[in-house]
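# Observations on the three-dimensional arrangement
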Amino acid sequence: QVQLVESGGGLVQPGGSLRLSCAASGFTFSTYTMNWYRQAPGKEREWVALITDTGGSTNYADSVKGRFTISRDNAKRTVYLQMNSLKPEDTAVYYCNARNIKSALINYWGKGTLVTVSS
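It should be emphasised that the depicted structure is a prediction, and the values quoted were computed from it without experimental measurement. (Residues numbered from 1 in each chain as written. Predicted model: local features only at pLDDT ≥ 70, side-chain atom pairs only at ≥ 80, totals over all residues. Heavy atoms only, no water.)

## What to know about the overall build of the chain
When helices and strands are tallied, the chain shows zero helices and eleven strands. Overall, the chain shows an N-to-C arrangement of helices and strands of β-β-β-β-β-β-β-β-β-β-β. Against the compact-globule benchmark of 14 Å for 119 residues, the chain has a radius of gyration of 14 Å, which places it among compact chains. Along the first, second and third principal axes, the C-alpha set of the chain runs to 40 × 25 × 25 Å. In the chain, which comprises 119 residues, the share counted as buried stands at 41%. With an accessible surface of roughly 6200 Å², the chain has 49% of that area assigned to carbon and sulfur atoms. Of the side chains in the chain, 13 bear a positive and 8 a negative charge, and the two mean positions are spaced by 5 Å. (Helix = DSSP H or I, 4+ residues; strand = E, 2+ residues; numbered from the N terminus. Rg over C-alpha atoms; globule rule 2.2 N^0.38 Å. Buried < 20%, exposed > 50% of the residue type's maximum accessible area, 1.4 Å probe, protein only. Areas by Shrake-Rupley, 256 points an atom, 1.4 Å probe, with all protein chains shown as cover. Lys, Arg positive; Asp, Glu negative; His and termini not counted. Charge placed at Lys NZ, Arg CZ, Asp CG, Glu CD.)

Take a look at the structure:
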């Protein structure tokens, strides 16, 4: 059974940091590109960051570039999102997504973890 389980969300003050984790099971993790998305209250879900199957390449939305870092550990079947210099506009539910490298139609979602940036 495929599972993506996010953790690490919470309440943080502006300027603070959080590290999100997403633990995968039930599929061959090393053959999937991993993404983080987020959905703020009242807004559509937006893509945040991507890391390729080997971890050799990453990409970021302009809104988080220079502040967020995506990484993965294929041995632990886990992807991470290090978030620094957090802003109130980063408040959202953060979702982990796995997309098969041979077929983008094969993709899985986690249930999300809430990040709240507020003083």
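## What about the side chain of Asp53?
Here Asp53 is to be found in the loop between strand E5 (46-51) and strand E6 (58-60). Lacking a salt bridge, the buried Asp53 has Arg72 as its closest oppositely charged neighbour, with an N-O distance of 6.0 Å. Beyond its immediate sequence surroundings of up to four residues, Asp53 is in contact with Ser30, Thr31, Tyr32, Thr33, Arg72, Asn74 and Ile101. (Salt bridge = Lys/Arg side-chain N within 4 Å of Asp/Glu carboxyl O. Contact = heavy atoms within 4.5 Å.)

## So, the pattern of salt bridges
Within the structure shown, the criterion is met by four salt bridges. The partner of Asp62 in a salt bridge is Lys65, with the nearest N and O atoms 3.2 Å apart. The salt bridge partner of Arg67 is Asp90, with a shortest N-O separation of 2.7 Å. Taken together, the residues Arg67 in the loop between E6 and strand E7 (68-73) and Asp90 in the loop between strand E8 (78-83) and strand E9 (92-100) connect sequence positions 23 residues apart.

## Details of the environment of Val93
Looking at the secondary structure, you find Val93 in strand E9. Remark: the alpha-carbon pair of Val93 and Val115, spanning 22 residues in sequence, is separated by 6.0 Å. Ignoring any residue separated from it by four or fewer positions in sequence, one finds Val93 in contact with Tyr37, Arg38, Gln39, Gly112, Thr113 and Leu114.

## Description of the sheet that holds strand E3 (residues 18-25)
The antiparallel open sheet is built from four strands, whose spatial order is E1-E3-E8-E7. The strands lining the two open edges of the sheet, one partner per strand, are strand E1 (3-7) and E7. Strand-to-strand twist across the sheet, computed as the mean angle between neighbouring axes with direction ignored, equals 15°. Relative to E8, E7 is paired through six bridges, and the arrangement is antiparallel. Looking at E8, one finds that Thr69 is bridged to Gln82. (Pairing = 2+ DSSP bridges. Axes fitted to C-alpha atoms, helices over the stretch in contact; angles between N-to-C directions.)

## Focus: the state of the cysteines
Applying the stated rule across the entire model yields one disulfide. The disulfide that involves Cys22 links it to Cys96, with 2.1 Å between the sulfurs. Between Cys22 and Cys96 the sulfur-sulfur dihedral comes to about -85°; the bridge is accordingly left-handed. On the criterion of sequence distance, the pair formed by Cys22 in strand E3 and Cys96 in strand E9 is long-range, its members being 74 residues apart. In this pair, the class of Cys22 matches that of Cys96, namely buried. (Disulfide = S-S within 2.5 Å.)

## Considering the side chain of Asn100
Tracing the chain through its elements places Asn100 in strand E9. Within polar-contact distance, the side chain of Asn100 engages the backbone nitrogen of Lys102 at 2.8 Å. (Polar contact = N/O pair within 3.5 Å; in protein donor to acceptor, adjacent residues only side chain to side chain.)

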